[in-house]
Amino acid sequence: MAVKSSKACLEKANLDAKDIDRIVYIAYNPETFVPPAAIALHHHLGCKDEVISKNMNVNCVGMLIASIETYYLMQSMKHIKNCLIVQSEYTSVLGDPYQSTPYIFSDSSTAVILSKSDLGNARIIDYCVETHSHDLEGLKGPKHGFTHFIANKNVEEYYIDMPGGAAESEFVAQTIKRLLEKNQVDISDIKGFFFSQCSYTYLTEVRELLDVAKEKVFYYADQTGYTGASSPFVALEFAMNEGKVKAGDLCMFWTSGAGVEHAFVLMYI
C-alpha cells in the first residue's frame with residue numbers, strides 16, 4: 001500500500017523517486033522492523049542513496065508531527081528539497097474482533113510530499129504539541145509488552161485495549177483559540193478545520209465550542225473509515241477535490257495520539 005500511495009503522490013507532484021531527499025514512514029504496526037519499513041519503501045521506489053529514511057510511531061498523531069518536524073528541518077537544511085511522508089498499515093487487525101471499536105478502523109495508506117518552492121503561500125504559521133501522560137491506564141498494546149507477547153506467542157496479547165475515552169474537547173477548543181490569539185488570527189479567517197476523524201461526536205463537540213459553521217469542519221470517516229495518523233490529511237484531500245478549500249487557504253489541523261498527545265498546526269495549505 002505504501003508503495004502504491006507513494007507512486008501516486010510522486011506522479012501527482014510531477015516528481016521522480018530520485019528527487020526525494022527524506023522519507024518518513026508512519027506506522028504503529030509496520031510490516032517489518034528489520035529493515036525499517038522506510039528503507040524497504042526506499043528500495044521499492046528506487047530512490048537515490050543520499051536519503052534520510054526513518055520510521056516514526058507516535059500513534060494517531062504521527063503524520064502531523066512528522067509534518068511539523070520535516071517542515072522545520074527543511075528550513076534549516078538547504079539541500080533537503082523534497083520529503084515524502086507516508087502513513088501505511090493494516091490498522092483493522094490491531095483490535096479484538098469481538099469488540100466494536102476495531103471496526104471503525106480502515107486499512108489504508110496516505111502519502112504527502114513537502115517541497116521547497118518559491119511559488120505559492122504554503123507554510124506553517126505556528127504549532128502546538130502537548131503530551132498528557134498523567135493517566136496511561138486502559139490503553140496499551142501489546143497488553144503486556146513485546147517481550148511477553150513474543151515469549152507467549154499469544155496473538156490476543158497483541159490486540160490494543162481501546163476503551164472509549166475523553167478527547168478533552170474543552171482543552172482542544174481552548175488550545176486552538178490560544179494559538180489563533182497568539183498569531184493574531186481571527187477564527188473567521190480559517191477556511192477549513194481538519195481534525196481527527198476518529199469520532200464524529202468529539203469533532204462536533206469541538207466545533208460547537210469554537211462556534212464554527214458546520215460546513216467549515218470536514219468529516220469523511222463515514223466514507224473512508226478511520227485511517228489513523230493520516231486522517232486529517234485524508235479529510236484535506238477530499239475537501240480539496242470537492243473545491244471546498246484550495247491552495248493558499250489558511251487552515252487549522254488537530255489530532256491526537258492515543259488520546260494523550262495532541263498536535264495543533266495553523267498553516268497555509
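Here the structure is a predicted model, which is why all the values come from computation and not from measurement.

## Things to note about the sheet that holds strand β8 (residues 261-268)
Here is step 1 of the chain: Taken together, the four strands give an open sheet; going across it, the order is β5-β8-β7-β6, and neighbouring strands pair in mixed fashion. Edge positions in the sheet fall to β5 (123-131) and β6 (192-195), since each of these pairs with one other strand and no more. The average undirected angle you get between the axes of adjacent strands in this sheet is 10°.
Here is step 2 of the chain: Pairing analysis gives eight bridges linking β5 to β8, with the strands arranged antiparallel. By the bridge assignment for β8, Val-129 is matched with Ala-263.
Here is step 3 of the chain: Strand contacts of helix α3 (residues 62-76): β5, β7 (250-257) and β8, with the helix running at about 130° to β5, the strand carrying the most contacts.

## Things to note about the nonpolar core
Here is step 1 of the chain: Grouped together as the largest cluster of nonpolar side chains are 28 residues, with contacts concentrated most on Ile-26, Phe-194, Val-245, Phe-253, Val-265 and Ile-269.
Here is step 2 of the chain: Elements with a contribution of two residues or more to this core: β1 (22-26), α3, α8 (231-241), β7 and β8.
Here is step 3 of the chain: Of all the elements, α3 adds the most residues to this core, at six residues.

## With respect to the packing of aromatic side chains
Here is step 1 of the chain: A full pass over the atoms with the stated rule returns 14 aromatic pairs.
Here is step 2 of the chain: Ring plane angle 20° and centroid distance 5.1 Å describe the contact between Phe-194 and Phe-218, whose orientation is recorded as stacked. A residue pair is termed long-range when its members are at least 10 positions apart, and Phe-194 in strand β6 and Phe-218 in the loop between α6 (200-210) and α7 (221-224) qualify at 24 residues.
Here is step 3 of the chain: A residue is classified by how much of its surface remains accessible, and Phe-194, at 0% relative accessible area, is buried.
Here is step 4 of the chain: On the accessibility criterion, Phe-218 (4% relative accessible area) is buried.
Here is step 5 of the chain: Aromatic rings pair up to connect Phe-33, Phe-146, Phe-149 and Tyr-158 into one cluster.

## Considering the state of the cysteines
Here is step 1 of the chain: What the rule picks out here adds up to zero disulfides.
Here is step 2 of the chain: Just so you know, Cys-60 is unpaired, no disulfide at all, and the nearest cysteine sulfur is the one on Cys-198, 6.6 Å from it.

Reading guide: rules and limits
- Residues numbered from 1 in each chain as written.
- Predicted model: local features only at pLDDT ≥ 70, side-chain atom pairs only at ≥ 80, totals over all residues.
- Heavy atoms only, no water.
- Pairing = 2+ DSSP bridges.
- Helix = DSSP H or I, 4+ residues; strand = E, 2+ residues; numbered from the N terminus.
- Axes fitted to C-alpha atoms, helices over the stretch in contact; angles between N-to-C directions.
- Contact = heavy atoms within 4.5 Å.
- Core = buried A, V, L, I, M, F, W, Y, C linked by side-chain atoms within 4.5 Å.
- Buried < 20%, exposed > 50% of the residue type's maximum accessible area, 1.4 Å probe, protein only.
- Phe/Tyr/Trp six-rings, centres within 6.5 Å; stacked < 30°, edge-to-face > 60°.
- Disulfide = S-S within 2.5 Å.

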